[in-house]
Amino acid sequence: MATKTARGAGSGLHVTAEQLTARDAVFVYDEFERHPSNIVAAYVFDAAAAAAGPADPADVRAWMQARLGHSALFQRRLARVPGDADLPYWVPDAGFDIDEHVTTEGPQSWPQVRGRISEIASVQLDLTRPPWELHVFTEVAGFPGAAAPVTIALLKFHHSVGDGMATRELELKLFAPDAAPAPIPVATGSWSAPIALLRAAAVAPYRLARFLSGLARTRAAAATVADRVAEGGLCEPIPLRPATRFNRRITPDLTFDLVTIPMAEVRAAKHACPDRTTLNDLMLAVVSGALADYLAECGETAPGALAAMVPISMRGIARWDSANQLCQMSVDLHTDQTDPLERLRAISRSARLEKQRWSDPAVIAREARVQTSPAWLLRLAGWARAQRVFDDVDTVPLMNTTISNVPPVAEHLEFLGAPMIAAFGVLPIMDGDGLRHLVVSQADRLLIAFSSDTAMLPDPTHYGELLIRSFRRLVAAVEAAR
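No experiment lies behind these values; they were computed from the predicted model shown.

Draft legend 1. Up close: helix α3 (residues 110-122). The first and last C-alpha atoms of α3 sit 18 Å apart over 13 residues, in line with the 18 Å expected at 1.5 Å per residue. Every buried residue of α3 is listed here: W110, V113, R114, I117, S118, I120 and A121. Angularly, the buried residues of α3 cover 165° about the axis, an arc narrow enough to put them on a single face. The elements touched by buried residues of α3 are β4 (38-45), β8 (108-109), β9 (132-141), β10 (150-158), β13 (254-262) and β19 (418-426).

Structure below.
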């Protein structure tokens, strides 16, 4: 049985069977209706600059057909070993039909498209076929900051395929104007569930020994971490945070919106800060201020400081062979601090402590237990995750919201001759995490896309205004301190 994806000499991509790593399989086992594992990336193009005019469905289909050879993602589906006796596989999809994955809609207004994107982001992908979709919206009128109608290409794929860094790599292959045509992908080899089950039985003793050895290593690492915490060398995050309206069970009704801040203003604020500050620190402080203000307006100020889950890439820090190489920092947002500049300073310190913690080899080793966990245990953990109840809880573990800051999008990307003018992403919400933010910088603008449950955030436009107000207050505080 082939277990890798190869590129043959002169023949393009060979699509073969490949077993998921445990870290990637978690996104399969953890998924349920109110916990989708979707990555949704949107690219906005200046349709007026395209000589051929608005794209029609045939153009879009042909464009995507010519790019299928850039990634095995496009023609592989998930196959689970019977009884989850072993980790699942990506296998060539003999029944692949591009028309099941590519749609074109238009013309529409931006509010209409926002509604469609909300629907798309909240629905689970069908893993019985290749886990991706391309939705193209043409002649979209009223996109923020665009004087003329735009084209929006929305790429959606399953998180088990890769993380935000993988998204950046894929978009370069798809939208680079000088990218070479992709050779036609070729499916090679075969996969059989009975054979996979026999293989699982054969390697079961090895898997068990590896699991037990992994347990011993993580226990030893946990003891080392505890010693370093006691000595003051490491600082563990606060385990429980006050629950807010955004930390409840979600409904199927997702909403999202965007706010745009000129990058020149963001850079100016960053350089004017009296202390060493990162762009990520600034955005954490902006969200912190808006979240605190919104809850205060609702008469729901939390009895203590709230925290954010902030993904951190482990590339260059740890050696992992998984497609997903992220860990989750828990950064104190210090929402109980009213002064914007002092809040920023406190957030910067908390973020540095979390980055320091996640660069410690003992912490990395302690959290590596998932890498040796058997499939049945990962599935059991996913089932337990689905049973958690958030109704009427007073506290939640570690975090209240998500704030993800992905790397800048490459410049000079295009779609059917139209240059890209903006990019953003939409994070699906889940039980216990009903307000999520994705920050993307591109060219001269920074976009904060926030998603929530309409019952939790019935007025997203106002929350967007609070984000802008929080940024302005922070800038004023920084200027006053100079």
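Draft legend 2. A look at the packing of aromatic side chains. Within this structure, the stated rule accounts for 16 aromatic pairs. Ring centres of F256 and F424 lie 5.9 Å apart, and the angle between their planes is 25°; this geometry places the pair in the stacked category. Here F256, found in strand β13, pairs with F424, found in strand β19; they are 168 residues apart in sequence, far enough to count as distant. For the residue pair F256 and F424, the accessibility class agrees, reading buried in each case. What links up through ring pairs into an aromatic cluster is the set Y43, F45, W63, F175 and F415. In this structure, R23 is placed above the aromatic ring of W320, and the distance from its NZ or CZ to the ring centre is 3.6 Å.

Draft legend 3. Looking closely at the confidence of the model for the protein. Across the protein, pLDDT averages 92, with 96% of residues at or above 70. Taken element by element, the protein is modelled with least confidence in strand β1 (residues 6-8), mean pLDDT 45, and with most confidence in strand β12 (residues 240-242), mean pLDDT 98. Low pLDDT, under 50, characterises residues 1-10; the stretch is placed with 27 contacts to residues that sit more than four places away or in other chains.

Parameters at a glance
Residues numbered from 1 in each chain as written. Predicted model: local features only at pLDDT ≥ 70, side-chain atom pairs only at ≥ 80, totals over all residues. Heavy atoms only, no water. Helix = DSSP H or I, 4+ residues; strand = E, 2+ residues; numbered from the N terminus. Expected span 1.5 Å × (residues − 1). Buried < 20%, exposed > 50% of the residue type's maximum accessible area, 1.4 Å probe, protein only. Arc of directions from axis to C-beta. Contact = heavy atoms within 4.5 Å. Phe/Tyr/Trp six-rings, centres within 6.5 Å; stacked < 30°, edge-to-face > 60°. Lys NZ or Arg CZ within 6 Å of the ring centre and 35° of its normal. pLDDT = per-residue confidence, 0-100.

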